[in-house]
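Each chain, letter by letter, is given below.
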Amino acid sequence: MNMRFIFYVVAFVFAWNGSNGLMLPGWRAQRGPAQAMSWFSRVRRYPLPSHRIIDPIEDCFLVTSEEGELFFKSPSDEPIVCGIYMIADPDKRIQVIFNYLDVPCENGGLVAWVDGWELNGQVWPADAWDDDRVVESCDKRPQRKLVSKQNAALVQYRVPARGKGFAITIRHIRNPRPCNLMLFGSDGVYTLRNHGETGNCSLLAVSPATVRVLDLDVGQTVKRNSLLEVETGTIHHCTKRGLHDYVDIGGASGLDHTKMEVYDSLCGLDSNEARRSMYIACEDTVVRLVSSGRYQNSVTLAFSALPLEHIEHADLICGMNDI
């Protein structure tokens, strides 16, 4: 297993453990001493797509990037809340089909599909959140295919009835116009686009990261084709200049990127790759593209892991303003 992936999962588990359960309405984990054991043993990443049975002890907290079928059968009547955190490649969406669901409502059983992720009461993507992103079920399984709008989704469940459970099939399908991207230890080059629409798009890396802007076209290219595009270079601190289209680069201490700490707000037209990297030492590294709908905005960025020797001298260390 990739050691960097293990590091990110461990950091994520600490955040989960501190939440004392899931924070969606009607959900609260009830753990006794037997459930207070280390969450390290409860994280498993499936190496190959297959039919798997969820171990209620080891897999109560499960992060998976694989496709396949998952089965869960409750071993007891305890109202323990668990979750299946699914993530796919940035250009994919996640489709979940409930093959069967036998979870009684009368004793508090519930299974919820979440179009995004939730942790510590924070949701992602926060900019586009609404109640339609949550589908709750008990007694009867959802009849339709559940498809996320981005490359991350979640199934939360509480099954306080021995022998009861559910089965789901996970598939990754192409996303022709990705707007919100989650990276889980993924180095590489990524592009955010607003596709000429009003609204915000985001990229959230669940780790500290080194970020370098390779290409910037924000607040410059109008929707209709223009014969002349003059490069302005990179404009900094665009929000302070009162501009309505910009890209924020910074970090956050949770999934809600609307509460991010901003290192810089950029805009302009600049295809010069000779920019210095930004070192973001935060629990999550965030890039947020804000668009008025007037322009065809895009930004291309190179992401890589933040070396340990650069953390002390990082451009942004989240939480330092609170000290």
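Calculation notes
Residues numbered from 1 in each chain as written. Predicted model: local features only at pLDDT ≥ 70, side-chain atom pairs only at ≥ 80, totals over all residues. Heavy atoms only, no water. Helix = DSSP H or I, 4+ residues; strand = E, 2+ residues; numbered from the N terminus. Buried < 20%, exposed > 50% of the residue type's maximum accessible area, 1.4 Å probe, protein only. Contact = heavy atoms within 4.5 Å. Areas by Shrake-Rupley, 256 points an atom, 1.4 Å probe, with all protein chains shown as cover. pLDDT = per-residue confidence, 0-100. Core = buried A, V, L, I, M, F, W, Y, C linked by side-chain atoms within 4.5 Å. Pairing = 2+ DSSP bridges. Axes fitted to C-alpha atoms, helices over the stretch in contact; angles between N-to-C directions.

What to know about the overall build of the chain
(1) Moving on: Per the secondary structure count, the chain includes 2 helices and 23 strands.
(2) Moving on: Here the chain, with 323 residues, has 51% of them falling under the buried criterion.
(3) Moving on: Of the contacts made within the chain by residues no fewer than 6 positions apart, 77% connect residues no fewer than 24 positions apart.
(4) Moving on: Surface exposure of the chain reaches about 15300 Å², of which carbon and sulfur atoms provide 50%.

Here we look at the confidence of the model for the chain
(1) Moving on: Residues of the chain with pLDDT of at least 70 account for 81%, and the chain-wide mean is 84.
(2) Moving on: Confidence over residues 1–44 falls short of pLDDT 50; this stretch has 98 contacts with residues more than four positions distant or in other chains.

Quick word on the nonpolar core
(1) Moving on: Counting residues in each nonpolar core, the largest one holds 30 residues, and the members touching the most others are Leu192, Leu203, Val213, Ile249, Val287, Leu301 and Phe303.
(2) Moving on: Top contributing element to this core by residue count: strand E16 (residues 209–218), with 5 residues.
(3) Moving on: Residue contacts for isoleucine 249: discarding those within four places in its chain leaves Val211, Val213, Met260, Val262, Tyr263, Asp264, Leu266, Met278, Val286, Val287 and Leu301.
(4) Moving on: Judged by nonpolar contacts, the second largest core, of 25 residues, contains Ile54, Cys82, Ala88 and Val111.

Structural notes on the sheet that holds strand E6 (residues 110–114)
(1) Moving on: Taken in spatial order, the 5 strands make up an open sheet running E2-E4-E11-E6-E9, and their pairing is mixed. Pairing within the sheet leaves two strands with one partner each, and these edge strands are strand E2 (61–64) and strand E9 (134–137). Pairwise comparison of adjacent strand axes, ignoring direction, gives a mean angle of 15° for this sheet.
(2) Moving on: Sheet topology places strand E4 (residues 81–87) next to strand E11 (residues 152–158); 7 bridges connect them, and they run antiparallel.

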